[in-house]
Amino acid sequence: MHPPTAIKKRLNELGLRSRLRARPRAQGRILAPAGLLRRLPSTPGLYFPFYHDVAAEYGADLRRHLRTLQRIGPMLSWDEALAVLAGERELTGPMFCLSFDDAHLTWRDVAAPILLEMRVPAMFFVTSGLVGRPGNLTWSDCRQLAAAGFAFGSHTITHQRLTDQDDDTAERELTDSKREIEDELGVAVHDFAAPYGSAVDCGEREVAMARRAGYRSFATTLRPAMHPGESPMWIRRQGLHPAWPIMAVRTRVHD
Ligand SMILES: [Zn+2]
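Heads up: these notes are all about the structure in this document. (Residues numbered from 1 in each chain as written. Predicted model: local features only at pLDDT ≥ 70, side-chain atom pairs only at ≥ 80, totals over all residues. Heavy atoms only, no water.)

It is worth spelling out the coordination of the zinc ion at this point. Distances from the zinc ion to its protein donors, Asp102 (OD), His155 (NE2) and His159 (NE2), fall within 2.0 to 2.3 Å. Read from N- to C-terminus, the donor residues coordinating the zinc ion fall into the pattern D-x52-H-x3-H. You can see aspartate 102 sitting in strand E4 (residues 94-102) and its partner histidine 159 sitting in the loop between strand E6 (151-154) and helix H7 (167-185), a full 57 residues away along the chain. Relative accessible area serves as the criterion here: at 18%, histidine 159 is assigned to the buried category. (Donors = N, O, S within 2.8 Å, 3.2 Å for Na, K, Ca; no water. Helix = DSSP H or I, 4+ residues; strand = E, 2+ residues; numbered from the N terminus. Buried < 20%, exposed > 50% of the residue type's maximum accessible area, 1.4 Å probe, protein only.)

Per the counting criterion, the structure on display carries 12 aromatic pairs. An angle of 45 degrees between the planes, with centres 5.3 Å apart, marks the rings of phenylalanine 100 and phenylalanine 124 as tilted. A residue pair is termed long-range when its members are at least 10 positions apart, and phenylalanine 100 in strand E4 and phenylalanine 124 in strand E5 (residues 122-126) qualify at 24 residues. The exposure class assigned to phenylalanine 100 is buried, which follows from its relative accessible area of 0%. Among the residues examined, phenylalanine 124 registers a relative accessible area of 0% and is labelled buried. Considering the side-chain rings of phenylalanine 192 and tyrosine 215, the 5.3 Å spacing of their centres and the 50 degrees angle between planes classify their relative orientation as tilted. Residue phenylalanine 192 is located in strand E7 (residues 191-193), and its partner tyrosine 215 is located in the loop between helix H8 (204-213) and strand E8 (217-219); the two are separated by 23 residues in the primary sequence. For phenylalanine 192, a relative accessible area of 0% gives the class buried. Given a relative accessible area of 5%, tyrosine 215 falls into the buried group. The positively charged end of arginine 161 is found above the aromatic ring belonging to tyrosine 196, 4.7 Å away from the centroid. (Phe/Tyr/Trp six-rings, centres within 6.5 Å; stacked < 30°, edge-to-face > 60°. Lys NZ or Arg CZ within 6 Å of the ring centre and 35° of its normal.)

A few words on the packing of H7 against H8. Interaxial distance between H7 and H8 falls to 10 Å at its minimum, and their mutual angle equals 40 degrees. Accordingly, the angle class assigned to the pair H7 and H8 is oblique. Note on packing geometry: the crossing formed by H7 with H8 is right-handed. Across from Asp167, Ala170, Glu171, Leu174, Thr175 and Lys178 in H7, the residues of H8 making contact are Arg205, Glu206, Met209, Ala210, Arg212 and Ala213. (Axes fitted to C-alpha atoms, helices over the stretch in contact; angles between N-to-C directions. Parallel < 35°, antiparallel > 145°, perpendicular 65-115°, else oblique. Left-handed = near helix turned anticlockwise from the far one by under 90°. Contact = heavy atoms within 4.5 Å.)

Time to look at the pairing of E4. It is a general feature of regular strands that their side chains alternate between the two faces of the sheet. Most of E4 is tucked away, with nine of its nine residues classed as buried. Both strand E2 (residues 49-51) and E4 contribute to a ladder of two bridges, which runs parallel. Along E4, the bridge assignment pairs tyrosine 51 with phenylalanine 100. Across two bridges, strand E3 (residues 75-76) lies against E4 in parallel orientation. Its bridge partner being in E4, leucine 76 is matched across the sheet by cysteine 97. (Pairing = 2+ DSSP bridges.)

With that settled, the discussion passes to the pattern of salt bridges. Inspection of every chain in the model, using the stated rule, returns 18 salt bridges. A salt bridge links arginine 108 to aspartate 141; the nearest nitrogen and oxygen atoms lie 3.1 Å apart. Of the two residues, arginine 108 sits in helix H5 (residues 106-118) while aspartate 141 sits in helix H6 (residues 139-147), which places them 33 residues apart along the sequence. Taking the relative accessible area as the measure of exposure, arginine 108 reaches 35% and is therefore partly exposed. Judged by its relative accessible area of 7%, aspartate 141 is buried. One salt bridge in this structure joins glutamate 171 and arginine 212, with 3.5 Å as the shortest N-O distance. Remark: arginine 212 occurs in helix H8 and glutamate 171 occurs in helix H7; sequence separation between them is 41 residues. For glutamate 171, a relative accessible area of 23% gives the class partly exposed. Sharing partners across several salt bridges, the network here consists of Arg25, Asp61 and Arg64. (Salt bridge = Lys/Arg side-chain N within 4 Å of Asp/Glu carboxyl O.)

By themselves, these figures tell us nothing about what the structure is for.
Structure, rendered in structure tokens:
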């Protein structure tokens, strides 16, 4: 394809995608037919589904997703999932490890109560610069979630695409966010999720930086299931929205 056409096509796709993201039920309906071609997992594999905001109107939908996954296999904490990758814990079938990105206030009000009630562990990847802003958690909220047993990781300070940043800036996004979350929560932060998280949004440079900063895991948004022996420094996660029907979930979480 001629480059300008390719760029235009990509921009059109991005425009469509961001319009659909704002209307998650419509997005779910559009994705659903492709789910006919896929099945929810039935063979051994470690899946890392993740969400962003969980508005109150989607609380029942999140429950439905989690019930569906729980019927298929256990929900592991981030620590337990890393143990599976390291071969220290057996992969007995499909297994799931849940995470949430950014710093949404609805984690406190909607997601956490559901997770606690359903006994589902979760990792919260916090964009430290969002904390305290309208619509987002405060540090006090984060401390309460940590005290309730949820894990915390870093999702940078400013949520910029790391591959767009020079070395010093990208390095600061990784190190300063880690330090701030550690200082505010009084817990060690070992886990990192890259903003946007596709192969154009992060790569070898960012993984090397994360290692230097002291992270033990690096999460992307590439989708395929993971298996023992694979590196925790390139975790593949499956982005979901609670508003999606299970048929749409099947396009992301499948064998
Ligand atoms: Zn994000």
